[in-house]
Amino acid sequence: MTVAQQSLISPTANPELEKALRDRVDRRSTIAGGLGELEPLAVRLGLVQNSLTPRFRDPVLALFAADHGIVVDGVGAPWGRPTKDLVQMSLHAQLPVSVFSRLQGLHLTVVDCGVADNLPPHARLLARKVAHGTRNARTAHAMSLEQAHAGVRVGMEIADNLPGNVLACAALGQGSAECAALVLARLSDQTVRDFVVSGPTMRQDDLVHLLDVLHGVLARHRDAREPMDVLAAFGGHEIAVMVGAMLVAASKRSLIIVDGIAACAALKLASLICAPVTDYAVFCRSHVHRGLDEALALFRASALLELGMDSADGTGAALAWPMIRAAAALLTDLHEVAEARVALRPDLGTQLPALGA
């Protein structure tokens, strides 16, 4: 991203507008009671769009799919299905995220950023393959620096061509969560164990093997510190594409819905390229694993909904979308209540207050 393009991402901070938004929300609360977390979310949405009446159009939920060479070491195979099968399932309404997206009016798009197999054409599939998967980061750089930059450019092109002003980002693919854990561990100088997506059903020997592989990757690439170097060292192509998509989405003042640890890794990388990108992000979660807690903590954020799921990334975004729409409706669709005017007449008694839109 050039300096000129970076300058297009404006911070959302606007004290005057924020006060006006809070006053608008408070007036609703005075009449109808408080609405908890919807109220600060409504203010946030107004700041994102720089408007007292934020409105959304043509929302897209993009699943960025890719394969990762690290899986050859026996890690990162959720539900035992190859990435190509997960892509086909999402395209043919065989995953909950597909059904929920349709129900909530989200346009589901799968982006082939680097699936190892060739995928048949589909109306909701964007073929933007940077390469057929990454290399094994334990033995080499996951991708070349040129491929990392190419992935970012792909994401920028995708976001630039989106007609709407909402982009939900989630990853799909074996090894994606593990590569994201490596990226976040290096960028935050925390132990990779903090970011490992592991649940209570994970066997201890599987966890030991996973950490052994990840520590070996970190040791091999101990000199990778700059954002693009970290991206190239650890992969994957879906993270690179999400970085570019997030940067351009923010430059268009679009709302970015971040779902999952890979999307968090992409946002962290994007924020090191242009810090204000995080102003445009809200966070969702599709599973309760501890690694995602640590990823969210890097942004001092929490998920919009906590449903105790253990599902594919993107599911949480689809379910949180009605909440986001409801928050915006507090500012756009809820009519103001005019000041009550009470008149006393001996012949009519007390008149009802006059209500106005």
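Residues numbered from 1 in each chain as written. Predicted model: local features only at pLDDT ≥ 70, side-chain atom pairs only at ≥ 80, totals over all residues. Heavy atoms only, no water.

1. Topic: the side chain of Ser-101
Note the cut-off: Runs of E in the DSSP output that reach at least two residues are strands. Runs of H or I that reach at least four are helices, and both are numbered from the N terminus. Note on contacts: a residue pair is in contact if any heavy atoms of the two residues lie within 4.5 Å.
Position of Ser-101 relative to the elements: it lies in helix 5 (residues 96-104). Aside from chain neighbours lying at most four places away, what touches Ser-101 is Leu-61, Leu-106, Leu-108 and Ala-318.

2. Let's talk about the packing of aromatic side chains
What counts here: Only Phe, Tyr and Trp rings are paired, with Trp represented by its six-membered ring, and only when their centres lie within 6.5 Å; those with planes under 30 degrees apart are stacked, over 60 edge-to-face, the remainder tilted. Relative accessible area decides the class of each residue, using a 1.4 Å probe on protein chains only: under 20% of the type maximum gives buried, over 50% gives exposed, and in between gives partly exposed.
One pass over the structure, following the stated rule, counts 2 aromatic pairs. Between the aromatic rings of Phe-56 and Trp-321, the centroid separation amounts to 5.6 Å while the plane-to-plane angle is 65 degrees, which identifies the pairing as edge-to-face. A residue pair is termed long-range when its members are at least 10 positions apart, and Phe-56 in the loop between helix 3 (38-49) and strand 1 (60-66) and Trp-321 in helix 13 (residues 315-332) qualify at 265 residues. Each of the two residues, Phe-56 as well as Trp-321, counts as buried.

3. Some details on the pairing of strand 5 (residues 255-259)
Regular strands show a simple pattern: their side chains alternate between the two faces of the sheet. The following threshold applies: Two strands make a pair as long as DSSP finds a minimum of two bridges between them. Orient the strands so they point away from the viewer; a crossover is then right-handed if the path from the first strand over the helix to the second runs clockwise.
With 5 of its 5 residues buried, strand 5 lies for the most part within the structure. Of the two faces of strand 5, the one holding Leu-255, Ile-257 and Asp-259 and the one holding Ile-256 and Val-258 are both buried throughout. As judged from the 4 bridges shared by strand 4 (residues 166-172) and strand 5, these two strands associate in the parallel manner. Each residue of the ladder has a partner; that of Cys-169, found in strand 5, is Val-258. Traced from strand 5 through helix 11 (residues 261-273) to strand 6 (residues 281-284), the parallel crossover comes out right-handed.

4. A closer look at the confidence of the model for the protein chain
As a reminder, the rule being used: The quantity called pLDDT is the predictor's confidence in a given residue, expressed from 0 to 100.
Looking at the protein chain, pLDDT values average 90 and 90% of them are 70 or higher. Overall, residues 1-7 carries pLDDT values under 50, and its contacts beyond four positions in sequence, including any with other chains, amount to 7 contacts. Contacts of residues 339-357 to residues separated by more than four positions or lying in other chains number 19 contacts, the stretch itself having pLDDT below 50.

5. Concerning helix 12 (residues 290-297)
Going by this rule: Each C-beta atom gives one direction from the helix axis, and the arc is the one those directions make.
Of the positions making up helix 12, those classed as buried are Gly-291, Leu-292, Ala-295 and Leu-296. An end-on view of helix 12 places all buried positions within 135 degrees of arc, on one side of the element. Those residues of helix 12 hidden inside the fold are in contact with helix 7 (176-188), helix 11 and strand 6.

6. Regarding unusual backbone geometry
Cis geometry marks the peptide bond from Gly-235 to Gly-236; its omega dihedral reads 0 degrees. Structurally, the position occupied by Gly-236 is in the loop between helix 9 (227-234) and helix 10 (237-251). At Asp-58, a position not held by glycine, the phi torsion is positive, near 45 degrees. Within the secondary structure, Asp-58 sits in the loop between helix 3 and strand 1. Of note, Asp-189 is a non-glycine position whose phi angle comes to about 60 degrees, a positive value. If you trace the backbone, Asp-189 turns up in the loop between helix 7 and helix 8 (204-220). Given the relative accessible area of 62%, Asp-189 is considered exposed.

7. So, the pairing of strand 4
Taking burial as the measure, the 7 residues of strand 4 include 7 buried ones, the bulk of the element. Going residue by residue along strand 4, you find Val-166, Ala-168, Ala-170 and Leu-172 tucked away on one face and Leu-167, Cys-169 and Ala-171 tucked away on the opposite face as well.

8. Remarks on the pattern of salt bridges
When charged atoms on two side chains of opposite charge get close, those side chains can pair. Inclusion rule: Whenever a carboxyl oxygen of Asp or Glu lies within 4 Å of a side-chain nitrogen of Lys or Arg, that contact is scored as a salt bridge.
Scanning all chains against the criterion turns up 12 salt bridges. Taking the shortest distance from any N to any O, the salt bridge between Lys-129 and Asp-112 comes out at 2.7 Å. Within this pair, whereas Lys-129 is found in the loop between strand 3 (125-127) and helix 6 (145-160), its partner Asp-112 is found in strand 2 (residues 107-114), the two being separated by 17 residues in sequence. Lys-129 gets classed as partly exposed once you look at its relative accessible area, which sits at 26%. Look at Asp-112 and you get buried, because its relative accessible area is 4%. When the shortest N-O distance is used, the salt bridge between Glu-157 and Arg-128 registers 3.2 Å. Here Glu-157 is found in helix 6, whereas its partner Arg-128 is found in the loop between strand 3 and helix 6, with 29 residues between them in sequence. Among the charged side chains, a network of salt bridges with common partners joins Arg-285, Asp-293 and Glu-306.

9. Let's talk about the environment of Glu-238
Short version of the rule: Any N or O atom pair separated by 3.5 Å or less is treated as a polar contact, with the protein-specific requirement of one donor-capable and one acceptor-capable atom, and with residues adjacent in sequence counted only for side-chain atom pairs.
Structurally, Glu-238 is set in helix 10. Among the residues examined, Glu-238 registers a relative accessible area of 0% and is labelled buried. Apart from residues no more than four positions distant in its own chain, Glu-238 is found in contact with Phe-64, Ala-65, Ala-66, His-68, Cys-113, Ala-171, Ser-176 and Ala-262. A polar contact of 2.9 Å, which involves the side chain of Glu-238, links it to the side chain of His-68.

10. Some words on the sheet that holds strand 2
Going by this rule: Fitted lines through C-alpha atoms serve as axes, helices being fitted only where they are in contact, and the angles separating the N-to-C directions of these axes extend from 0 to 180 degrees.
Ordered in space as 3-2-1-4-5-6, the 6 strands form an open sheet in which the pairing is parallel. Each edge of the sheet is formed by a strand with only one pairing partner; in this case those strands are strand 3 and strand 6. On average, each strand axis in the sheet is tilted by 25 degrees relative to the strand beside it, whichever way the strands run.

11. Description of the packing of helix 10 against helix 11
Operational definition: An angle counts as roughly parallel when it lies under 35 degrees, as roughly antiparallel when it exceeds 145, as roughly perpendicular when it falls between 65 and 115, and as oblique in every other case. Left-handed describes a crossing whose near helix is turned anticlockwise from the far helix through less than a right angle; right-handed describes the clockwise counterpart. Basically, the charged four are Asp, Glu, Lys and Arg, the nonpolar ten are Ala, Val, Leu, Ile, Met, Phe, Trp, Tyr, Cys and Pro, and anything else, Gly included, counts as polar.
At a closest axis distance of 8 Å, the pairing of helix 10 and helix 11 adopts a crossing angle of 55 degrees. Taken together, helix 10 and helix 11 sit at an angle that is classed as oblique. Judged by the sense of rotation from one axis to the other, the crossing of helix 10 with helix 11 is right-handed. Facing helix 10, whose interface residues are Glu-238, Ile-239, Met-242, Val-243, Met-246 and Leu-247, helix 11 presents Ala-262, Ala-263, Ala-265, Ala-266, Leu-267, Leu-269, Ala-270 and Ile-273. The residue makeup of the contact of helix 10 with helix 11, split by class, is 13 nonpolar, no polar and 1 charged.

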